[in-house]
Amino acid sequence: MAPKGEFKEEKIADGKVNGIINISEEIRNLEGWQILENKLQLKKEFTNNISYELPIIDYASNKSIVNIDITKAS
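Residues numbered from 1 in each chain as written. Predicted model: local features only at pLDDT ≥ 70, side-chain atom pairs only at ≥ 80, totals over all residues. Heavy atoms only, no water.

**Q** Which residues make up the overall build of the protein, and what values do they have?
**A** If you tally the helices and strands in the protein, you get zero helices and six strands. Going from the N terminus to the C terminus, the protein shows its helices and strands as β-β-β-β-β-β. Taking 2.2 N^0.38 as the reference for a compact globule, 74 residues should give roughly 11 Å; the C-alpha atoms of the protein span a radius of gyration of 12 Å, in line with that estimate. Seen through its principal axes, the protein has C-alpha atoms that stretch 40 × 25 × 20 Å. When burial is assessed residue by residue, the protein has 31% of its 74 residues classed as buried. Sequence-distant contacts in the protein: of pairs separated by 6 or more residues, those separated by 24 or more amount to 44%. (Helix = DSSP H or I, 4+ residues; strand = E, 2+ residues; numbered from the N terminus. Rg over C-alpha atoms; globule rule 2.2 N^0.38 Å. Buried < 20%, exposed > 50% of the residue type's maximum accessible area, 1.4 Å probe, protein only. Contact = heavy atoms within 4.5 Å.)

**Q** Before we move on, can you summarise the pairing of strand β2 (residues 17–23) with the specific residues and values?
**A** The element β2 is extensively covered by neighbouring structure, given that six of its seven residues are classed as buried. The turn linking strand β1 (residues 5–11) back onto β2 is made up of five residues, and Asp14 within it adopts a positive phi angle of 60°. In this structure, β2 lies alongside strand β4 (residues 41–46), joined through six bridges in antiparallel fashion. Within the sheet, the bridge partner assigned to Val17 lies in β4 and is Phe46. (Pairing = 2+ DSSP bridges.)

Keep in mind these values describe shape, not function.
Shown next, in the form of structure tokens:
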């Protein structure tokens, strides 16, 4: 079964935003994203607004897409 990812953004200081993805199972490393201790959450800091599709892949090579949509950065 493909991993499921739910994206949210969280405002931090100086116009920056944390992008956070909660995932349903452990996935392979994603360059630029920090995997948190519980291995079911990813985090990345953004300084600009951006939208893109991020493929996530689990250890059984199942793939799904998480839509990244940063709108609160300045």
